[in-house]
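Results of the structural survey
What follows is the residue order along each chain.
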Amino acid sequence: MGRTDYLDKLNDKQKEAAMYTEGPLLILAGAGSGKTSTMTCRIAYLIREMGVHPYNILAVTFTNKAAKEMRERVQRLIGEGVNMWILTFHSACLRILRRHAEVLGYGRDFAVYDPTDQKTVVKNICKELNIDTKKFSPSYFLGIISHCKEQRISAREYNGIYGTDYKEQMIGQVYDRYEKILKKNNAMDFDDLLLKTVELFEQDEEVLLRYQDRFQYIMVDEYQDTNMIQYAFVRLLADARDRDGNIRRNLCVVGDDDQCIYQWRGADIRNILEFEKDFPGAKTVKLEQNYRSTANILEAAHSVISHNRGRKDKKLWTDAEDGRKIVYYNADDEKDEAYFIASEINRVAGSDHADYRQFAVLYRTNAQSRTFEEALSRRDIPYRVLGGLRYYDRKEIKDMMSYMGLVQNRANDLALVRIINEPKRGVGGKTLQKLQALAQVRGTSLFDVLLDDDVIDSFSAKVSDNLKQLAGLIATYGIEKDNMKISDLYDGLLVNSGYMKALEDQHTVEAEGRLENLMEFKSVIVGYEKEDPNMSLAEFMERIALLADVDNHDSEENAVTLMTLHSAKGLEFPYVFMPGMEDGLFPGWRAFDREDGLEEERRLCYVGITRAKKRLWMTSARTRTIYGRTDYTRESVFLHELDSKLLEGDGIYEKKDRRTEGVFRDGASENVAMKPFDQLKYARAQTKQRAEAMAKANAESFSVGDRVAHSKFGEGTVLEVNGKVIRIEFADQVRKLALGIAPIKKL
Ligand code: ATP
Ligand code: MG
């Protein structure tokens, strides 16, 4: 590729933005106008043409997936490996906190609690405070806590401001306990990551200066959805002074006020609308051509969004052809709706020779996904659900993550509680309570209590043996964690904890499913190792903890995507279905609680429509059963707002079309992404073999001078064997390793 070929692909406006590198810059434009593409080219331009070092660039995206895509595209544009900070807000903050958490009184190896962990903490607090969780669910408290953190209201402040009536007092108490427990566990939740980074910058000027100095060029995608804390973060970094004392502000933000869909989570649309005021001298570039969708789809999007009153009037145009009209189908009920969508996918896949991966079903709430899953699998159409019960929320995955989390950070009491009796070790509620009480009295972690033989010996022989074994396992892996590949550590923990065997002994379908997931998890780990062979356990744990729902998405897999409208932001698909177009569902009831709620839902509808490149379907059901209740429904106001001349056949879809097409594409099942059973069996056998090989190294006698191979460090020579410790000289280092744990074998 010629040096600036990539710039020639941009239109004039886009090029102007990509090449405007100094001072504040706002790219404000509608969906599919190439904002993200422009930002990507701008990074390449900075590096290739302006000679900026990648180290000096910070690009913030909304999801990990977007970050990954951008990194890959920049890589292609500049033709070399880049180790640049193209990250989500959370990941960027986490990296910063890892280095400086001590300033704030945290250990550097602090744990990151995901929503499931948070729920566990709050559940325990409710028990402790005798709160009836049927009346006040953990999610209720967590919602308020999160909201407070977004507004920078601490527990103490909350109790100062509120706390007058019974309910507020209770919330204040829960919030306060919650903060104390997290602190004691050396843990932060997702909101903390942002909050604490901003606090760090405010408290420690030296640290702030260091990052201001580093990030000479800052870019933020989807700026319309930033909240107060994210704004503070960007602002602190961007307000840097150069050597002559002038404010630098090389900040480029990109967004679309029509796509602000996170106000309910504290996103502040003013951040983008007032950018020019906030950063005087800012240049604004508006993009007006849409490159994504057909004219009909774009027209439909515009006809809906123009009903919002509080918006800047703007309209996109396109060179693209009109394309097909939008199909609207009014189903009998949600099953009929799902059946229709599955049939359409098969029909269009056949007639357009389209891959399943080109289709997406975008719904308003996760609860809608199940009926589509059923309808699709009945037709052998492969699909992936993003969100809902996330892969990483499954019990077995959480359990293994807890083992690894405990190895990484022994103070993580929550992880230990989770796995102390997983697999069964005979540790009942009473034993656990006793251990917890001791930890509390002594002011130590729960794990430290496990190391106290006097305490452990007071239990029955079986329990005490089991606990000692568990403590030994965690302690040894804790010492060796940096000397092993994460996949070896995983294999070792999975086998030596007895977790795998316990599942195998069950011989149930459910247990088989869990084993399958555990093997799948290993491929996740191996994938990360390939990407970065030096990734530490801590880094790996973070990456997993931070995976937003949308990141399970593997665009290589040929499957229909099912996801919520919210998580589809920034993505595009040739064929898009928007089911559940009913008042109360979409717009959701939330729209009616708040004054501007309906406008936010309308923006979400705009986001949904503009994901489609070629074709769009909207559906509704006359009756719907959701959360166990069946109701008659009313068509969504958004359907009525949509210009009816854009709808196929006056918006009435002929039912016979779909009932007769059942024979289409008999070969569909060829595409089903099935995992052959043998592959699974093989993976399990391999895991066991690796773990056993490591353990055997214990018995095997190594002697000085032996040549050995280590799975992470390569080949080496034994220098010394002393009991369980072996010292080995590798090509560029000498390491002390623990026999029986270290993944070594004699050559
Ligand atoms: P969204 O608001 O949904 O985030 P966006 O403004 O970020 O959209 P992109 O995702 O960057 O838009 O681009 C939308 C589509 O248009 C992509 O498929 C991209 O490849 C294409 N595109 C962008 N700019 C051009 C261009 N100058 N010529 C041809 N195609 C383009
Ligand atoms: Mg974008």
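This text follows the structure it describes.
Since we're looking at a predicted model, the values are computed, not measured.

Calculation notes
Residues numbered from 1 in each chain as written. Chains lettered and ligands numbered in written order. Predicted model: local features only at pLDDT ≥ 70, side-chain atom pairs only at ≥ 80, totals over all residues. Heavy atoms only, no water. Salt bridge = Lys/Arg side-chain N within 4 Å of Asp/Glu carboxyl O. Buried < 20%, exposed > 50% of the residue type's maximum accessible area, 1.4 Å probe, protein only. Pairing = 2+ DSSP bridges. Helix = DSSP H or I, 4+ residues; strand = E, 2+ residues; numbered from the N terminus. Axes fitted to C-alpha atoms, helices over the stretch in contact; angles between N-to-C directions. Contact = heavy atoms within 4.5 Å. Polar contact = N/O pair within 3.5 Å; in protein donor to acceptor, adjacent residues only side chain to side chain. Core = buried A, V, L, I, M, F, W, Y, C linked by side-chain atoms within 4.5 Å. Parallel < 35°, antiparallel > 145°, perpendicular 65-115°, else oblique. Left-handed = near helix turned anticlockwise from the far one by under 90°. Nonpolar A, V, L, I, M, F, W, Y, C, P; charged D, E, K, R; others polar. Expected span 1.5 Å × (residues − 1).

This brings us to the pattern of salt bridges. In this structure the tally under the stated criterion is 52 salt bridges. As a salt-bridge pair, D239 and R235 come within 3.2 Å of each other at their nearest N and O atoms. By relative accessible area, which is 19% here, R235 ends up buried. When salt bridges with common partners are traced through the structure, they connect D256, D257, D258, R311 and K314 into a single cluster.

With that settled, consider the sheet that holds strand 17 (residues 707–710). Overall, antiparallel pairing links the five strands, which are arranged 20-19-18-17-21 in an open sheet. The open sheet terminates on both sides in strands that have one partner only, identified here as strand 20 (733–738) and strand 21 (744–746). Direction aside, neighbouring strands of the sheet carry axes that sit 40° apart on average. When strand 19 (residues 725–730) meets strand 20, the two strands line up antiparallel, connected through six bridges. Paired with I726 across the strands is L737, a residue of strand 20.

Within the secondary structure layout, T61 lies in strand 2 (residues 57–61). Classification of T61 as buried rests on a relative accessible area of 2%. A sequence separation of 29 residues divides T61 from H90, and the C-alpha atoms of the two residues are 9.9 Å apart. Here T61 is in contact with A66, A67, M70, I86, L87, T88, F89 and D221, once residues within four sequence places are set aside. A distance of 3.1 Å separates a polar atom in the side chain of T61 from the backbone oxygen of T63. From its side chain, T61 meets the backbone nitrogen of A67 in a polar contact 3.4 Å long.

With that out of the way, let us pick up the sheet that holds strand 2. Strand pairing within a sheet occurs via backbone hydrogen bonds; the two strands may be parallel or antiparallel. The strand order across the open sheet formed by six strands is 3-2-6-7-1-8, and the pairing between neighbours is parallel. Either end of the sheet is taken by a strand with one partner, and the two such strands are strand 3 (85–88) and strand 8 (283–287). Adjacent strand axes in the sheet meet at a mean angle of 15° when their direction is disregarded. Taken together, the four bridges between strand 2 and strand 3 define a ladder with parallel strand orientation. Directly across from A59, in strand 3, lies its bridge partner I86.

Attention shifts here to the nonpolar core. M404, L435, L450 and F521 are the most contacted members of the largest nonpolar core, which has 57 residues in total. L87, I272, F279 and A282 belong to the second largest nonpolar core, which has 46 residues in total.

Once that is clear, we can look at the packing of helix 3 (residues 35–48) against helix 4 (residues 64–78). Interhelical geometry of helix 3 versus helix 4 gives an angle of 45° and a closest axis separation of 9 Å. The angle between helix 3 and helix 4 falls in the class oblique. The interaxial crossing formed by helix 3 with helix 4 has right-handed handedness. For the pair helix 3 and helix 4, contact is made by T36, S37, M39, T40, C41, I43, A44, I47 and R48 and by M70, R73, V74, L77 and I78, respectively. Here the contact of helix 3 with helix 4 is composed, by residue class, of nine nonpolar, three polar and two charged.

Before going further, it helps to examine helix 5 (residues 89–100). Between its terminal C-alpha atoms helix 5 stretches 17 Å, which fits the 16 Å expected from 12 residues at 1.5 Å a residue. Of all 12 residues that make up helix 5, nine are buried, and the element is covered over most of its length. Within the span of helix 5, buried status applies to F89, S91, A92, C93, L94, I96, L97, R98 and H100.

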